[in-house]
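Coordinate analysis (summary)
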Amino acid sequence: MKSVYIRELRRYTKLELSNLFPEINFNQLTVFMRKLRAYGILKSVKRDSGSLDLSELVTLNESLVDDIDDNNSSYYIFDYVGVIYIDGYLLCCYPKYLFAYDYIEDKPKCRQLLKQVLKVLHRYNTSSQSLQLYSMDNQSSFVSRLSMIVALLDDYFQNGLYLNTQNIHELNGDGEINWNRTINFTHPLWQEGDPYYFNFWTRRNTIDDKSFIQRIHECLLTICSRELEEISLLDLLDLNGVYLTELSLNDLGTRDYLLCRITNELNLEFNSRKQYVLKLMAALLQDSSSSFGEDNIDLFGTTSFNLVWETVCAEVFDNKLTTPLSDLPLLSTVKIPPNMLGVKPRILKDLIERPKWTSIDDSVAFSNTLKPDLISVERNENVCSFVILDAKYYTMRIENNNVAGQPGVADVTKQYLYQLAYKDFIELNGIQEVKNCFLMPTEKDEVVSVGNVQMEMLGKLGLEKIQVRELPAARMFECYLQRRKLPISILNL
């Protein structure tokens, strides 16, 4: 298995890609690249767009090329973070802010950082998405086999094997006395108006360790572990193999028969964890690519790592957007601006005014409004701070009076508007300090103060300029995985 390391959004020429995949001839490389394009992983950009910023592909629609160019007049970029198995290759796509590993001079270090990123992706997917794994009419949406395998193994490490329990009622057994059954089915001895029972019905739970569903679970865990081992992914995903049986699925029955047994179990089982495992097993059985063959493609990662970065920042800095207003650490009882009293706001998000649309016949409708990434409210003795943070997945550079890779004008103006939206609330509640800041990832080990951005016409409204900080991504990810918080003070705003 050959592993190829690729940096997200780095510009590659077709010649550079052919050097990365030497076993694929130049003509076959076009077919290979088209497979990646079909999944939205690979994008082609006109070579004359070299001066454009590739941090936000949304702004490059005019520069994107519709097909693979054989004239070497295009750049090719991987808009993806994670791992991709394709045609016998394992593509390890690491985040764009890791500039130091562009040529993989320190491959073990890059691999270690990618392992951490994959753990973050797994936790993000687990907490933010519900996999549409299985439906009775076989109309389930696509979920990669790699994602399902990781989910199955992760559930096993947390909860163990699928177990069926049975309630057994016995006369004078060793279990807990079932008084309802005892009173209804035994005759007491009455003495002075009081009943005395000499025989009791008892109840105990037993585990059926010969359950057919459990044997399917053991087989799938073993098969999935071997599949990951074959493509060298157990170590990269930081998983231990689970080898529980020598049986194959064919030893248990046909795929249709196994699916039928799982469906029957689903109809009888109402425990949410067991339903999840049953649906996972059914989805893996339904998957036609039962192993990672030479012509298959499978994915574990995302084309939207910016959303992952936003989630990490929001959790690590203890986002207060959805905290009840009464629980905010203010100097006194919370006060609501008069123009918001009719709205009855419960949380900080509710305080942002919504656009009001009025038709010619005076009918009124409200639409969606501004949505900050995260807000922190902190109290230090008699000083209360209101900090508006926005996670930006950019790699910004300021050199020779030029800036590149920066957030756009829309991002800057929105950040100002977030403060303006809370201006009345801030003044009414005696909040003394207001700070605005963009948060960007870096491969460095410390928080870096990049500078600030401001627009004088908005500054005249009494709004704070926007600070820019680069955060050590590895430390942020470590806190996210360990569910630890960081104080806002480390930003030195």
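This report concerns the structure included in the present document.

Rules used throughout
- Residues numbered from 1 in each chain as written.
- Predicted model: local features only at pLDDT ≥ 70, side-chain atom pairs only at ≥ 80, totals over all residues.
- Heavy atoms only, no water.
- Phe/Tyr/Trp six-rings, centres within 6.5 Å; stacked < 30°, edge-to-face > 60°.
- Helix = DSSP H or I, 4+ residues; strand = E, 2+ residues; numbered from the N terminus.
- Buried < 20%, exposed > 50% of the residue type's maximum accessible area, 1.4 Å probe, protein only.
- Pairing = 2+ DSSP bridges.
- Axes fitted to C-alpha atoms, helices over the stretch in contact; angles between N-to-C directions.
- Contact = heavy atoms within 4.5 Å.
- Parallel < 35°, antiparallel > 145°, perpendicular 65-115°, else oblique.
- Left-handed = near helix turned anticlockwise from the far one by under 90°.
- Nonpolar A, V, L, I, M, F, W, Y, C, P; charged D, E, K, R; others polar.
- Expected span 1.5 Å × (residues − 1).
- Arc of directions from axis to C-beta.

1. Overview of the packing of aromatic side chains
Think of a pair of aromatic rings as described by two things: how far the centres are apart, and how the planes are tilted against each other in angle. In this structure the tally under the stated criterion is eleven aromatic pairs. Taking 4.9 Å as the distance between ring centres and 90 degrees as the angle between the ring planes, the aromatic pair formed by Phe-21 and Tyr-89 counts as edge-to-face. Here the residue Phe-21 occupies a position in the loop between α1 (14–20) and α2 (26–38), and Tyr-89 occupies one in strand β6 (residues 89–94), the gap between them amounting to 68 residues. For the residue pair Phe-21 and Tyr-89, the accessibility class agrees, reading buried in each case. Aromatic side chains Tyr-156 and Phe-157 sit 5.7 Å apart centroid to centroid with 65 degrees between the ring planes, which places their arrangement in the edge-to-face category.

2. Thoughts on the sheet that holds strand β12 (residues 297–302)
Spatially, four strands are ordered β1-β6-β5-β12 in an open sheet, and the strand pairing comes out mixed. The sheet terminates laterally at β1 (2–7) and β12, the two strands that pair on one side only. Averaged over all adjacent pairs, the angle separating strand axes in this sheet is 15 degrees, with direction ignored. The sheet contact formed by strand β5 (residues 81–86) and β12 spans six bridges and is antiparallel. Within β12, the position partnered with Val-83 by the bridge is Phe-300. Helix-sheet contacts for α2 involve β5, β6 and β12, and the interaxial angle to β5 is about 130 degrees. Contacts from helix α4 (residues 145–159) reach β5 and β12, with the element oriented near 65 degrees to β12.

3. Quick notes on the packing of helix α10 (residues 305–316) against helix α14 (residues 473–482)
The interhelical angle for the contact between α10 and α14, taken along N-to-C directions, is 65 degrees, at an axis separation of 9 Å. By the angle between their axes, α10 is roughly perpendicular relative to α14. Handedness of the α10/α14 crossing: left-handed. Of α14, the residues touching α10 (which contributes Phe-305, Trp-309, Thr-311, Val-312, Cys-313, Glu-315 and Val-316) are Ala-473, Met-476, Phe-477, Cys-479 and Tyr-480. In terms of residue class, the contact of α10 with α14 is made up of ten nonpolar, one polar and one charged.

4. Some remarks on unusual backbone geometry
In terms of backbone geometry, most residues other than glycine have negative phi values and most peptide bonds are trans. A positive phi angle, near 55 degrees, is found at Asp-238, a position not held by glycine. Positive phi values are uncommon outside glycine, yet Asn-492 reaches one of about 50 degrees. Inspection of the secondary structure puts Asn-492 in the segment after α14. The exposure class of Asn-492 is exposed, given its relative accessible area of 62%.

5. Details of helix α11 (residues 409–421)
Side chains that are three or four residues apart share a direction in an α-helix, a result of its 3.6 residues per turn. Over its 13 residues, α11 extends 18 Å from the first C-alpha to the last, a length consistent with the 18 Å expected when each residue adds 1.5 Å. Within α11 the residues assigned to the buried category are Asp-411, Val-412, Gln-415, Tyr-416, Tyr-418 and Gln-419. Across the axial projection of α11, the buried residues extend over an arc of 145 degrees, all falling on one side. Exposed side chains of α11 directed beyond 90 degrees from the buried face belong to Val-409 and Ala-410.

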